[in-house]
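# Residue-level structure breakdown
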Amino acid sequence: MQAGATTTPPDEDGYELWLRYRELPAAARRTLRARAGALWLPAQPSALLMSAATELQRGLGVMTGRALPLRRRLAAGQVVLATPASLPTLRKAGVPLDDLGDEGWLIRSTVLGGKAILLIAANSDRGLLYGAFALLRALATGADVPTLDQRSAPRLPLRFLNHWDNLDRTVERGYAGFSLWDWWKLPHIVDARYTDYARANASLGINGVSLNNVSAKPEMLTTAFIHKAAALADVLRPWGQKVYLAIRFTAPMELGGLATADPLEPAVARWWRGKVAEVFAAIPDCGGFIIKANSEGQPGPHDYGRNHAEGAKVIAQALAPHGGTLIWRAFVYAAENPDDRAKQAYDQFTALDGQFEPNVLVQVKNGPIDFQPREPFHPLFGAMPRTRLIGEFMVTKEYMGFSTHLAYQGPLFEETLKSDTYRDKPGPQAGTLVAHTLAGMAGVGNVGTDRNWCGSHFDQANWYVFGRLAWDPLGSAQALAQEWTLQTFGDAPGLVKAVTGMVMPSREAVLNYMTPLGLHHLMDTGHHHGPGPWVGNLARPDWNPTYYHRAGPDGIGFDRSASGSNAVAQYAEPLHSLWGDPRTTPDELLLWFHHLPWKHRVSTGRTLWQELLVRYDAGVASVDTLRKTWAGLAGTVDARRHHEVSQYLAQQQREAQWWRDACIAYFMNASGQRLPAGVAKPTRTLAEYQALRFDYAPGRGG
């Protein structure tokens, strides 16, 4: 909607995501028409270049209100998509491309050969694809065409999404319907929606997609499913994305009939070489494999007395001749290990630094437990300088209210990426940011078959910010929220400020009504929907919320200081000392690292019990503020999306109150503490909260 418009915009269903191109205001439209009357392409353009051209025709055609014809002859008033190989004039004109690598791009209003043009230049067609989307993004967010001059190159070479999609089309921890991949119909029936998914990824610079759940079924490596994956690879390839397959460590036994999957057995190595050759015969540019081993019941090398580097070696060596990569997840913990679960990955992997094959990347979750609403950064970051690491982040919100709750993940991602590990320069000087330790970023995707892709309209922002931060991990979550809002909802007066003002504090609101002051893993069991701080009867100690909060008459919190598990020792100085002392631990991580008495004074001067109550109430109040802000945008946002978001926010407020009341009821019972005057009592008894059941909650997978 143009500035000053007073009518409610037409209804939208969210399918277009942030690629909802709209006609520009009259003055901007005239200016753009003068520079974008046609599109110049070299002869015999590649599939990547044709994808870029198709998107520019789509977007610029809408923005200018005119079709954008293709031209082979360079002339003034054209958008020019060129590399030095396709247009040698670029080098003669001194267009600076040397520092952009293979995927970077430059967009500029310039004069080339005496002709005024709008230039998109790169060293490769892949860079031109990303540059095409960058131009459309710049125009959609208000860039001035005559002065346009932007350039960018990705800081990380691997930027990919992990689909936790099962072969029966359920999605583990997916809250937006069924899997996009209709495995039953593939490879011969290919949904057009796959292309729109690939376009959205390309617009963010995402260059890889892992197709199936990391808790993998061996059938993914059968001939039938390899050919199904090949059909998806054919769709993703023209949009710059390689496919990866999640595999099962014991596939040589389950598919090959071997008696063992021991990575040191020659027969196992032969089986992997043969299977990898079959995969690459069907998908020549396959990115490689991802594996979850010795974690949550998945088999792995420890079953045969081997370590992770030995387990990875046999598969990595099979992939290497084909240019494939093995991504080995560091999310490992064992029920028989009585030590703090937060320590186990560090203990297992740091001893193996430098022992992994060159084509192995170790994928490390952002925090040491499991995608909690807030965790300190994983201590493995910066601690394995001879191993290439990928940071793994959860875009879908398993522990933050599913797609129902507005919880913008940008601040979480940014908080981790900009954390200082202090590994290179211990002490008060700046050390190495987590972002600087990474060779890539992986995100557990949040898309499904829901028409708006992500379950709720605001969850699209989490897909968006992940992709943009994977391109530039030092980017600003707030700037990207504004960028997303402009492209998704438009530039009506006050809209961007209002929506950005909603999304930026939304994660902190969820933290307050779910897990304040460093509490973690308080959700109910199995489905992870709603509060369950009372759960303590599960088979594995570290599956129980009571294992983490340890609330009782003496206090609350997990002692990871030197007097407890000493997990804090896995961090470099000064963090080791700062976080090892409750007096210098930030309130946000207090109960992560310390078990403290209820009367302990926090930084606000309140007791720990008082502060918990204040945080819980603040979280609920924040959701009420979100609802009021959104209600004020009626008539500014189209009626359909406004109504749908309003329903989600109303449900979020009900569930925020539930979280607040159930947790307070439980902690009162566990601690013997009383509510101060003026603090509202829980609306139900603890027994009533404990009796709630959700057998058919979404996202449990198959």
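Okay, so let's go over this structure.

Conventions we followed
- Residues numbered from 1 in each chain as written.
- Predicted model: local features only at pLDDT ≥ 70, side-chain atom pairs only at ≥ 80, totals over all residues.
- Heavy atoms only, no water.
- 1 Å grid on protein atoms, 1.4 Å probe; cavity = no way out; pocket = protein on both sides within 12 Å on 5 of 7 lines; lining within 4 Å.
- Points joined across faces, edges and corners; volume = space filled by probe spheres on them.
- Helix = DSSP H or I, 4+ residues; strand = E, 2+ residues; numbered from the N terminus.
- Buried < 20%, exposed > 50% of the residue type's maximum accessible area, 1.4 Å probe, protein only.
- Pairing = 2+ DSSP bridges.
- Right-handed = clockwise from strand over helix to strand, strands pointing away.
- Phe/Tyr/Trp six-rings, centres within 6.5 Å; stacked < 30°, edge-to-face > 60°.
- Axes fitted to C-alpha atoms, helices over the stretch in contact; angles between N-to-C directions.
- Parallel < 35°, antiparallel > 145°, perpendicular 65-115°, else oblique.
- Left-handed = near helix turned anticlockwise from the far one by under 90°.
- Contact = heavy atoms within 4.5 Å.
- Nonpolar A, V, L, I, M, F, W, Y, C, P; charged D, E, K, R; others polar.
- Core = buried A, V, L, I, M, F, W, Y, C linked by side-chain atoms within 4.5 Å.

## Notes on empty space enclosed by the protein
- Scanning the entire structure with this criterion turns up 10 cavities of 30 Å³ or more.
- Of the voids in this model, the largest cavity is the one considered here, and its volume is about 100 Å³.
- Along the wall of the largest cavity there are 17 residues; nearest its centre are Gly401, Met514, His528, Gly530 and Trp659.
- Among the elements that make up the lining of the largest cavity, the one with the highest residue count is helix α20 (residues 639-671) (3 residues).
- Each pocket or cavity is described by its volume, and for the second largest cavity that value is around 90 Å³.
- If you trace the second largest cavity, you find 14 residues lining it, with Ala330, Phe331, Ala345, Pro368 and His378 closest to the centre.
- Elements supplying a minimum of two residues to the lining of the second largest cavity: α10 (341-349) and β12 (360-365).

## Some words on unusual backbone geometry
- Cis geometry marks the peptide bond from leucine 186 to proline 187; its omega dihedral reads 10°.
- Position of proline 187 relative to the elements: it lies in the loop between β7 (158-162) and α5 (193-204).
- With an omega dihedral of 10°, the bond running from glutamate 573 to proline 574 counts as a cis peptide bond.
- Position of proline 574 relative to the elements: it lies in the loop between α16 (545-549) and α17 (575-580).
- The backbone phi angle of arginine 169 is positive, close to 80°, even though this residue is not glycine.
- Relative to the assigned elements, arginine 169 resides in the loop between β7 and α5.
- Taking the relative accessible area as the measure of exposure, arginine 169 reaches 23% and is therefore partly exposed.

## Digging into the pairing of strand β11 (residues 325-329)
- Counting buried residues in β11 gives 5 out of 5 residues, a clear majority hidden from the surface.
- Every second residue of β11 is oriented toward a common face, with Thr325, Ile327 and Arg329 on one face and Leu326 and Trp328 on the other, all of them buried.
- Summarising the sheet, strand β10 (residues 288-291) and β11 pair through 4 bridges and their orientation is parallel. Bridge assignment links phenylalanine 289 to a residue of β11, and that residue is leucine 326.
- Assessed by its sense of winding, the connection that carries the chain from β10 through helix α9 (residues 308-319) to β11 is right-handed.
- Across 4 bridges, the pairing between β11 and β12 is parallel. Counted as the bridge partner of isoleucine 327 is leucine 361 from β12.

## Here's the deal with the packing of aromatic side chains
- Overall, the coordinates contain 37 aromatic pairs when judged by the stated rule.
- Ring centres of phenylalanine 133 and tryptophan 239 lie 6.3 Å apart, and the angle between their planes is 50°; on these two criteria the pair is classed as tilted. Within this pair, whereas phenylalanine 133 is found in helix α4 (residues 125-140), its partner tryptophan 239 is found in the loop between α6 (223-236) and β9 (242-247), the two being separated by 106 residues in sequence.
- Among the residues examined, phenylalanine 133 registers a relative accessible area of 2% and is labelled buried.
- Overall, tryptophan 239 belongs to the buried group, its relative accessible area being 7%.

## Details of the packing of helix α14 (residues 495-503) against helix α19 (residues 608-631)
- Relative to each other, α14 and α19 sit at 165°, their axes nearing to 10 Å. Put simply, α14 runs roughly antiparallel to α19. Here α14 and α19 pass one another in a crossing that is left-handed. For the pair α14 and α19, the contacting residues are Ala498, Val499 and Met502 in the first and Leu626, Thr629 and Trp630 in the second.
- When the residues that make up the contact of α14 with α19 are grouped by side-chain class, the tally is 5 nonpolar, 1 polar and no charged.

## Structural notes on the nonpolar core
- One finds Leu56, Trp272, Phe289, Trp463 and Phe667 to be the most contacted residues of the largest nonpolar core, which totals 216 residues.
- In terms of residue count, the dominant contributor to this core is α20 (12 residues).
- Listed in part, the 13 residues of the second largest apolar core include Val80, Leu90, Val95 and Ala121.

## Description of the sheet that holds strand β3 (residues 78-82)
- Across the sheet, which stays open at both edges, the 6 strands sit in the order β2-β1-β3-β5-β4-β6 with mixed pairing between neighbours. The open sheet has two edge strands with one neighbour each: β2 (70-71) and β6 (149-152).
- Across the sheet, helix α1 (residues 26-35) is in contact with β3, β4 (105-112) and β5 (115-121); its angle to β5 comes to roughly 90°.
- With respect to the sheet, α4 is in contact with β3, β4, β5 and β6, its orientation differing from that of β4 by roughly 75°.

Purely geometric numbers; function is a separate question.
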